[in-house]
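Examining the three-dimensional arrangement
Chain by chain, the residues:
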Amino acid sequence: MASTVSSPESPSAPAPKPSSSRSPWTPSLSSHNTALAIIPPPHLWAPINSLRSLYDKAHTKWPPHINLVYPFVEPEDLEATMELAPWGIFEGRKKRNEARGLLWDEGIKAWTGPDGKQLGGGGGGGPVLEENKVRVRLDGVGVFEHRKHNTIYRCDQAAGYNLTSTSLSRLRAEILGQLGHQQQAEDNEGKGEYKPHMTIAQSEDSRSPAHQFLVEKVGLLPTMEWEVEQIWVLVRDQSDGPDKGKMKVWGTINLEEQVGCSIFESPVDWEEALEMDRGWAGEERDVEEMQRTWMFDEERGIWARDDAVKEEEEQGKEPKTPELLSIASWNVLADFEHSSSSTTGQEARYRLILRNLLTPDAQADILLLQEVTDSFLSFILSPSNTSPESPTLRLIYPYVSHPPPSQADASPLPNFLNQVILSKHPFSWSWLPFARKHKGSVIARFPTIHGSNPDRPLVLAAVHLSHGLTDMTVAAKKGEIQRVIGHLKEKFSQNPWVVAGDFNLTSSSWTVEQAVKAGKISRETVATLNSIERMWKEKENLGVEDAWVVGRAALGEGWVQEEEDMMDDIDEEGEDNMLFSGEQGATYDPTRNDVAAKVVGSGGNLRPQRYDRILVRGQQVLRIGRFNRFGFLKADQKKGEGHEMGQYGSDHWGVRCLLKVVQQDTTDQSDRPAEEKNDTTTLETSIKLVTPLDGPLSEPGSLKEAMAELNIFPSQEETDKRKAAFQALKAILLDTPPPNQSTQPPTTDPTDTSGLQHRSNQPPLVITPVGSFALGVHTSSSDIDVLAIGPFSTTTFFSLAIQRLRRASSSPLYSQEYQPIILRRISSSTGTMLELSLCQIKFDLQYCPAAHVASHWPRILSTAPPGNAVWSLPALTLTKLKAARDLDYLRRTVPDLAVFRQAHRAVRSWAKGRGVYSQRFGYLGGIQISVMLARVYKALALGAGGVSGVGVEELVASFFEEYAQFDWEKDMVYDEVCPWFRQKQERGGEKEVYRRTGREAMVVLGWFGPGLNTSGQASVWSVRTLKEEFKRARDLLVNGEVKSWKVFLEGSGAEEFLTGYQSYVKVDVQYWGLSSSKGAQYVGWLESRCVMLLVDLHRRAPGVYVRMWPGRFVEPDTASQQAESDEQTATEGNGPRDYQASYLLGLEADTTTSKEDLKFALGAIRTALQRFEEAIRSDEKYFDASNSWMSANIVKRCELGNVRLDTRNDWVGEYTPGEDESESDPEDDDEEDALLLEDLDETAPKKKKKSKNKKPTEETQQPRLEPGPKLRSAADVMNRLRWDSAIDSSDYVVGYEDRFLGVKERALDMWKTEQTDEEFIPQHRIAYFKRRSDGQVVWDRKTKKDEVFGSGL
């Protein structure tokens, strides 16, 4: 309750003199514990407090106010002071009334005007005329500069800062004069020392961009204007409680007709005082209004408050829910620089961002923006923006959480870095503050987007977590995420959620490790980072999916992925090998984004990071479909679109996710079809995360350290050497300048075909790596598999390739190291292959004739799913393309390629150590490990209760756990997330995926046909071996039987193999010839024939378990002698190469086999070995008794001696089965092929044909082709007209026989040669080729005319 001090009495007799009411004492005005202040009405507080709460250090101590007198009197003098203060106001009003002719009528006890009419009753100084009213208007901004800081405030701009004729200055002077401070009052009016203002913020350096930015923000506050009805008397709380230092309301001075003072029994909070005040009792802060969205009003051309959601809810309307929903998020980078050139550059960057937002890959239903500033939001949303893109953006997104701050009735954005939501659908929102100042989450509710229950609409949490990688900031991020999770669980436990924005979570393992080494973070903080990654799924069990992880798995469905979005996925030649764990799918990449590089500067965080994410909790309403990045549109410097920051609009890439909204009721799914029951983002799987036993095995990075110690990773020098070798080979095949000779850096574009064709309308020749090198899992001894794709026939390509390789081998443009050596030209079941060596690295080159595929490489891999007509190619062509297609799909769909690579290398190293790495003998190969590992990795990430951020140690342990208990006889290994496999499985189970035959002991399916089963060589015995080894590995890791990864990877497989069997089959091989290459070829061929021995043994002795070790064993003494011999031969350059080794096959009888059957089996094995010896020795092509020997026998364990594995690389014996083709010169091959090569490759030196009757001349002459009866084919002529740089192909037409219309003509450049093309015409129907310019027929089938080559008649 408040007591009231009576107002000064009205003059009943002559009015009392002013001196009679003056203070008999003069209180000191020096106390900072009291104040007289003007407080605006509460409905005006919201925009003020949105800034004060962030930038005014006194916002919790003071309400929004204008100080009238501060400092004021001591608190103990307040009561006496308040008895006098109203007299000053009374006297001043009375004087002004009397000056206007108003008089007090004692008879009627009222004031009368000059005409004698009654104006009002009871004294109090007289009625409040217009000139007596106190009005406040705040429409300007000012700064008080202090020694250590600055005060930024709002003021009356129209009145000026120093004018004294304002109502507040007059009111202040009346009170000060009454309290005996007449001089101060007169000085105030005369000099204008009193400046009425409302403090909004403080800043430190007035010259800093942040200060200027804050001044502009305060200047954007809407104009505030109100009439002052009372003065607030404030006193500071000096207790030791939580309100210590807070200014509380002691009383008020009424400025209405009855001037007086009201005093509270005890000081109260200003919130409580405002509620008690009768004038403002019905006014409350408009919180709900602040949470409603704004919608653009086309008629008025402004953004207005949107009441559509509220009206629809009140009227019970149910707007239609969209079937598809896209959500995008982008950190647009706040720019705080204020320089003379920054405004133009800033607008240029804003325009570039706007253009990016309007690209098809960025447009969405809901758009979240981070680091939004007032100037940026005004630029993209304000109708005054003359940019043509701005109206389009307003048309796409009619609803926004914040209007443009430049609009008169709008408020500035509260923070320097703000979050704004733009949407096609209406929504309401609220602000969820975090512990850190300026940080929080925008929680938006979309009532029109829901499933079957409209009471559970979509809830979206927009986040921008704290920045930095320190112990404190990581802990802050964890707390912020927990705050969001807790709020969503409490308020919206049954709703579908989307949490999106800039998470600022450091994802690069390299960055984290460097921070640990530098002492910036502790190991506990690393564990905290990992726990944050899994908080959504594992610990909270919320079923939240990472849209990027799920979206990658959906790429195979034919989604057109932007080239820039594939940047870190399609790089070949090992470029993406440089990515560390957690860098895949980066949205912040200083290595590619020049704006990010400039922001980071030198010595900063230069590694790619996946900061921006979209997390989805579907609740059977939302299903993740696609995911992409955007923001790759660059500024066109030629058009003057550049800006100071760089070529891109922001330092981040944006992210977008496409969701399917399921509106039907999903509670009862018993009658629904299988394809509808299945949630495409959740994988039903039994695969679970397994963590190695606590200790060294479970420490993050421990596996990588062990692999590095064992030299499993190739050195950077070796990797660079392989890249250079591949680039050199590519340049040779494409006939481009060598990488080390070109004046420009060599292109790494796999579709670059400069040197082979000179016109853009010709299909390109693609040279691309496949296999372990392309996947980034190669070792120091690995071959490099290369696939060429082009429009030529296989014969033409290899003839041309051999010609160019031989030319390069003697060219001065290539150093001796980079001169290629052709080893073999092989004709196998998969077609022709060329084995060659370059930089002492072995290459296997294959060719695939597919012009259409080459023309659209590599985008065709991601845009054409298996059922697409472009893959209607011959089986042999698809077989050659299979490796490239499998590789592409694998690289684009595994959750983290760096983690996958490390795990792949670890499993392969283990398999080699345990003797189960050899696809040839039915064990594991690179493709099997890839499929099996990808299946586990995707299941861990996408399965119910899936795990985010799986570590490589956990992935390897989970791999062995899964396949140790896998039922290889019944089940198949395949990528269950792969769309086409999943669709087949939903239709009819695994039988629809692949029809397994009884002869297939193991099924590991690749992604593309033909030959889906990559484990066709597996046998019952090889599968048994794998099962035993998987179980052993699982027990070692999970049960803690091994203490370190190094011990696990080193293994003791060979030692255990040599002691694990009573009997062995020993296949001895010996070579003592002069040629080491022929010796290695012989050994490799013999090893390949061992496969047939295994098949024969299994057929003849099924009751005996046979395990072959995929390597050769040597005697220690023999090995040292052979090494010395090899060294001597290499030094002296002559002498024989002596090599002796043995292949071993362990024999173990089945426990159910009887003794008689065992004797029979032993005889059968001896028979098989004898037949094997005869087959090897009778092959005259590979076996030469003069320098080779072999034998196969059964030996006991004690007869093996002290053998060990042979580790020499020069006798590895890698051999590709097939018939060696002739290695003669191209001109010695088929005449037509040689002529065509000369036409295609005019730079090649022309050689004369050998003749016994002619002596060679000193000068090289061009060969002259004599015309003959054999007419060159239409294909030869077409190739000549297309490929010859001296001929303009556009000047020629093709005449052909139409089956219905007779002879027709078509431009040569429009002629289609791909059989799958709809306009394809067989070449046998070509009748002639004609030159347009003169109408001359240059080739005619009927008359055998040929002016192109000179053949025919």
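My aim in this report is to walk through the structure given alongside it, one point at a time. (Residues numbered from 1 in each chain as written. Predicted model: local features only at pLDDT ≥ 70, side-chain atom pairs only at ≥ 80, totals over all residues. Heavy atoms only, no water.)

**A look at the overall build of the chain**
- Secondary structure assignment for the chain yields 38 helices and 45 strands.
- The burial tally for the chain puts 54% of its 1353 residues in the buried class.
- For the chain, long-range pairs separated by at least 24 residues make up 74% of all intrachain contacts whose partners lie at least 6 apart in sequence. (Helix = DSSP H or I, 4+ residues; strand = E, 2+ residues; numbered from the N terminus. Buried < 20%, exposed > 50% of the residue type's maximum accessible area, 1.4 Å probe, protein only. Contact = heavy atoms within 4.5 Å.)

**A closer look at the nonpolar core**
- Counting 105 residues, the largest nonpolar core has Trp-910, Trp-968, Phe-1030 and Phe-1048 as its most contacted members.
- If one sorts the elements of this core by residue count, helix H27 (residues 926-942) sits on top with 9 residues.
- For Phe-1048, the residues in contact, after removing those within four places along its chain, are Trp-910, Phe-960, Ala-1033, Leu-1036, Leu-1037 and Val-1042.
- Counting 47 residues, the second largest nonpolar core, distinct from the first, contains Ile-38, Leu-54, Val-73 and Ile-253. (Core = buried A, V, L, I, M, F, W, Y, C linked by side-chain atoms within 4.5 Å.)

**What about the sheet that holds strand S43 (residues 1326-1331)?**
- Overall, antiparallel pairing links the 5 strands, which are arranged S42-S41-S43-S44-S45 in an open sheet. Every interior strand has two partners, whereas the edge strands, strand S42 (1302-1307) and strand S45 (1345-1346), have only one.
- Where strand S41 (residues 1292-1298) and S43 come together, 5 bridges link them in antiparallel fashion. Bridging across to S43, Tyr-1296 finds its partner in Ile-1326.
- Its contacts with the sheet place helix H38 (residues 1274-1283) against S41, S43 and strand S44 (1337-1340), and it is angled at close to 25° to S43. (Pairing = 2+ DSSP bridges. Axes fitted to C-alpha atoms, helices over the stretch in contact; angles between N-to-C directions.)

**Here's the deal with the packing of aromatic side chains**
- The tally for this structure, following the rule as stated, stands at 47 aromatic pairs.
- Centre to centre, the rings of Tyr-350 and Phe-379 are 5.7 Å apart; their planes meet at 55°, and the pair counts as tilted. Separated by 29 residues along the polypeptide, Tyr-350 in helix H9 (residues 342-357) and Phe-379 in helix H10 (residues 374-381) bring together distant segments of the chain.
- Note on Tyr-588 and Tyr-611: the rings are 5.4 Å apart at their centroids and 40° apart in plane angle, and the pair reads as tilted. With Tyr-588 in the loop between helix H16 (567-570) and helix H17 (594-600) and Tyr-611 in the loop between H17 and strand S26 (612-617), the pair connects residues that are 23 residues apart, well separated along the chain. (Phe/Tyr/Trp six-rings, centres within 6.5 Å; stacked < 30°, edge-to-face > 60°.)

Remember that the coordinates give geometry; whether it matters functionally is a separate question.
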